[in-house]
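Each chain, written out:
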Amino acid sequence: MKTYSAIAITVLAITILAGTVVAGDVVLLEAEGFDHACGWKIDQQFMDQMGSPILLAHGMGVPVKDATTVATFPTTGRYHLWVRTRDWVAGWKAPGAPGKFQVLINRKPVETVFGTEGAKWHWQRGGIVEISKTKVTVSLHDLTGFDGRCDAIVFASDANFVPPNDPKKLTLWRRKLLGLSEKPIDAGKFDLVVVGGGIAGTCAAISGARSGLKVALIQDRPVLGGNNSSEARVHLGGRTMLAPYPKLGGVVRELSPAKRGNAGPPERYEDQKKLDVVAAEKNISLFLSTHVSEVEMGGKKIAAVIGRNIRTGKRLRFAGRVFADCTGDGTVGFLAGADFRMGREGKDETGEDLAPAKADKMTMGSSVQWYSKSFKESSSFPVTPWAVQFTEENAQRVTGGEWNWETGMNKHQIDEFEEVRDYGMRVVYGNWAFLKNSPKNKAKYANRKLDWVAYIAGKRESRRLLGDVILTQQDVVGQKVFDDACVTTTWTIDLHYPEPKNSKQFPGKEFRSIARHLRIKPYPIPYRTLYSRNIDNLFMAGRDISVTHVALGTIRVMNTCGMMGEVVGMAAAICKERSTSPRGVYKEHLAELKKRMVKGVSKVQPGPPRSRVAGGVSANVPKPPTWIKTAGANLARKAKVTVSSCLNASYKASNINDGKIAFGTSDRWVSKSDFPQTVELTWDSQQTISVVRIVTGWKSGARIIGMLEDFSLQYHDGEAWKDIPSAKASGNKQADWTAKFNPLKTKRLRLTITAALKDLARIWEIETYNPPVIAKPH
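## Structural notes on the overall build of the chain
Turning to step 1, where the next piece is worked out: The helix and strand tally for the chain stands at 15 helices and 41 strands.
Turning to step 2, where the next piece is worked out: A compact globule built from 778 residues should have a C-alpha radius of gyration of about 28 Å, and the chain, at 28 Å, falls within 12% of that.
Turning to step 3, where the next piece is worked out: Viewed in the frame of its principal axes, the chain has a C-alpha envelope of about 95 × 70 × 50 Å.
Turning to step 4, where the next piece is worked out: By residue count, 61% of the 778 residues in the chain fall in the buried class.
Turning to step 5, where the next piece is worked out: Taking the contacts inside the chain whose residues are at least 6 apart along the sequence as the reference set, 79% of them involve residues at least 24 apart.
Turning to step 6, where the next piece is worked out: Positive and negative charge centroids in the chain, built from 110 and 77 side chains respectively, lie 4 Å apart.

Below, the structure written as structure tokens:
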């Protein structure tokens, strides 16, 4: 039986450390194991690359509360201090070292300031310290609030001792010094081991447990939900409970928050609700804060996975009959040697109309979402010379950013992920510093403070594990029929690219994206995309299933991923009951799987989803106002429409007066996230207008959200713009808004928008009339 680890695979050229001799006394303090992390955050996202979880001082420009622990020394005396850290902006040759922090011993700082040197993780010398008692309090004292980071602290009595920095040697040295056994703790044997506690993994675990399996659910964060948790704050996309298996998606709905929306307040994502649903399943053993980085193989099967607790460092061994890789990154499959792809396929391989072969490294990026809040008092924000620098020409004049604040499309979304995330933070901090400090902008933003910046980046794409079927764009668009069709995907083929203007301003260093959508009909994907073609007992659910880069665009949203998990749980039960493999379920027991999918495992019955709103105001889907039947011609249809900006080519200005109000579609105009925004209607000849109707927002379930909130209408009298009496709104709550006024004559009408949800203006239609009798607006 062989054991493979993430570290071993990435550093094949080094030799194993054998019998390391430490002269004198050495005390190792793991930062993530401090007694009280306080304001510092435990961050495990990069431990496969740099060797360990870390503590992160993520204060958004405000120094965080000290992390503290009690250290026991073998003897008093002089020790040489080492701290494993890095200057996280040094890779960009940026000045200033934002991640500065101190080490305090019994509340007294040592002279060295840490986080000030070295682009890579390394041991920074801290000089000599005097330890006068065998028990002392050691603290990490943040100096900036700008994401200083600490992996570990070492005190060594030997002046010649240098801690190892090579990842493999460091791992072995740590285990020895911490007294951790080479043999992991036996966590038990399970029918189904699910690695990854996002929506896909959580649904797989629940489905398996309700199908009678003993399940281990392993998640590397302290909460469930993945991108739909309060740590990443992405709403659930895609429809559920549809033909041919309308019971699929019920488990997803059990976990779903009541409110939708990206980058919202933490309570919106209902972390506790997800934990409660899992806790109610007696067949699930939940292991939070446990990162899987090793697998044991027995031939072409996984015998066990080994996870490490991100606080204690203890290793746990999970043996299983079948395993489900719901990590998003395809981590378990990668460690097991599963076939996979990453990036964009070449045209000659798949026939898809993709980017040139030289762009095969390109993927969709990861989002560092953020928002600010308004307060009564003004506040300051530091100047950030180490961040991305902005000017009046390229500043993003917004109060928050969500999915389209996307970085790393030209970076490796696993190996270079710390750089991807950090660049996103450099952008947010640099832009906010410009808005808060530049003379032309600081008055507008004086009373706003950063309230949340994600340090857990929302990832879209990395490894895709290959199954017996690799789903393609042609399959989805052509509605190819598979005999093992299961989960119905409904999202558009939604692929992200750098925003063109952002590319011109920041070539090769883009941080804003656009989405290009290809509409599809609901399409049930084949079960054979949900298991590995060369690892005999490995399922997968989520964005790491067997699809091409383009097909990933439709299946990657979380409601769809959750339904995959439900199917995997059912198929895993058949594997146990019939002593078969994931492939065997297809070849020999497909009819049984179909019966299970018809029956489902959810406590929710099929039907329309409950109304979910994205915060702020919402309204019912409006019906046309009664007065419109006698209002005469819609004069706006003959106008030329110009707008201040378009989010992308799909949301064009001509949608504003095309005569269609198609709720639930993208047939609307959407601005870029910057206010104010303007819409101007121009006619060749003078028009008489006395009523304006504006339909705004977007459809979420049975509700409309994201309506225009603050706006006003003006007309041009031939010499200047004039306000239209009674044609303005503040805090609007109507999706279908109408203004009536005395008839006026004009060739030009202008709408100025100053507030809407997430700083995006969304308009389905503007209509103008001059009815013979002005009815009371509906």
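Back to the text.
## Considering the sheet that holds strand β9 (residues 122-131)
Within a sheet, neighbouring strands are paired by backbone hydrogen bonds and run either parallel or antiparallel to one another.
Turning to step 1, where the next piece is worked out: Spatial strand order, β2-β12-β6-β9: four strands in an open sheet with antiparallel pairing. Two strands lie at the open edges of the sheet, namely β2 (26-30) and β9, each paired on one side alone. Put simply, the sheet's adjacent strands are angled 20° from each other on average, direction ignored.
Turning to step 2, where the next piece is worked out: Where strand β6 (residues 77-85) lies against β9, nine bridges are found, and the strand directions are antiparallel. By the bridge assignment, His-80 is partnered in β9 with Ile-128.
Turning to step 3, where the next piece is worked out: Of the strands in this sheet, β2, β6, β9 and β12 (152-156) are in contact with helix α3 (residues 167-178), which crosses β2 at around 105°.

## A look at the nonpolar core
Turning to step 1, where the next piece is worked out: Within the largest apolar cluster, 89 residues are counted, with the highest numbers of intra-cluster contacts made by Val-305, Tyr-527, Phe-539 and Leu-593.
Turning to step 2, where the next piece is worked out: When residues of this core are assigned to their parent elements, the largest contribution, twelve residues, is made by helix α14 (residues 558-577).
Turning to step 3, where the next piece is worked out: Setting aside residues up to four positions removed in sequence, Leu-593 forms contacts with Tyr-527, Val-567, Met-570, Ala-571, Ile-574 and Val-585.
Turning to step 4, where the next piece is worked out: Of all hydrophobic cores here, the second largest spans 36 residues; its members include Ile-54, Trp-386, Trp-405 and Tyr-423.

## Points about helix α6 (residues 271-279)
A turn of α-helix holds 3.6 residues, and therefore any two residues three or four places apart point the same way.
Turning to step 1, where the next piece is worked out: Those residues of α6 lying buried are Asp-271, Lys-274, Leu-275, Val-277 and Val-278. The buried residues of α6 all sit within an arc of 160° when viewed along its axis, so they share a single face.
Turning to step 2, where the next piece is worked out: Buried-residue contacts for α6 involve α4 (199-210), β14 (215-218), α5 (250-255) and β15 (284-287).

## Quick word on the pairing of strand β18 (residues 315-325)
Turning to step 1, where the next piece is worked out: Counting buried residues along β18, nine of its eleven residues qualify, which places the element largely inside the surrounding structure.
Turning to step 2, where the next piece is worked out: When strand β13 (residues 185-195) meets β18, the two strands line up parallel, connected through nine bridges. The partner of Val-194 across the bridge, within β18, is Ala-324.
Turning to step 3, where the next piece is worked out: Relative to β18, strand β17 (residues 301-309) runs antiparallel, the two being bridged by five bridges.

How each quantity is defined
Residues numbered from 1 in each chain as written. Predicted model: local features only at pLDDT ≥ 70, side-chain atom pairs only at ≥ 80, totals over all residues. Heavy atoms only, no water. Helix = DSSP H or I, 4+ residues; strand = E, 2+ residues; numbered from the N terminus. Rg over C-alpha atoms; globule rule 2.2 N^0.38 Å. Buried < 20%, exposed > 50% of the residue type's maximum accessible area, 1.4 Å probe, protein only. Contact = heavy atoms within 4.5 Å. Lys, Arg positive; Asp, Glu negative; His and termini not counted. Charge placed at Lys NZ, Arg CZ, Asp CG, Glu CD. Pairing = 2+ DSSP bridges. Axes fitted to C-alpha atoms, helices over the stretch in contact; angles between N-to-C directions. Core = buried A, V, L, I, M, F, W, Y, C linked by side-chain atoms within 4.5 Å. Arc of directions from axis to C-beta.

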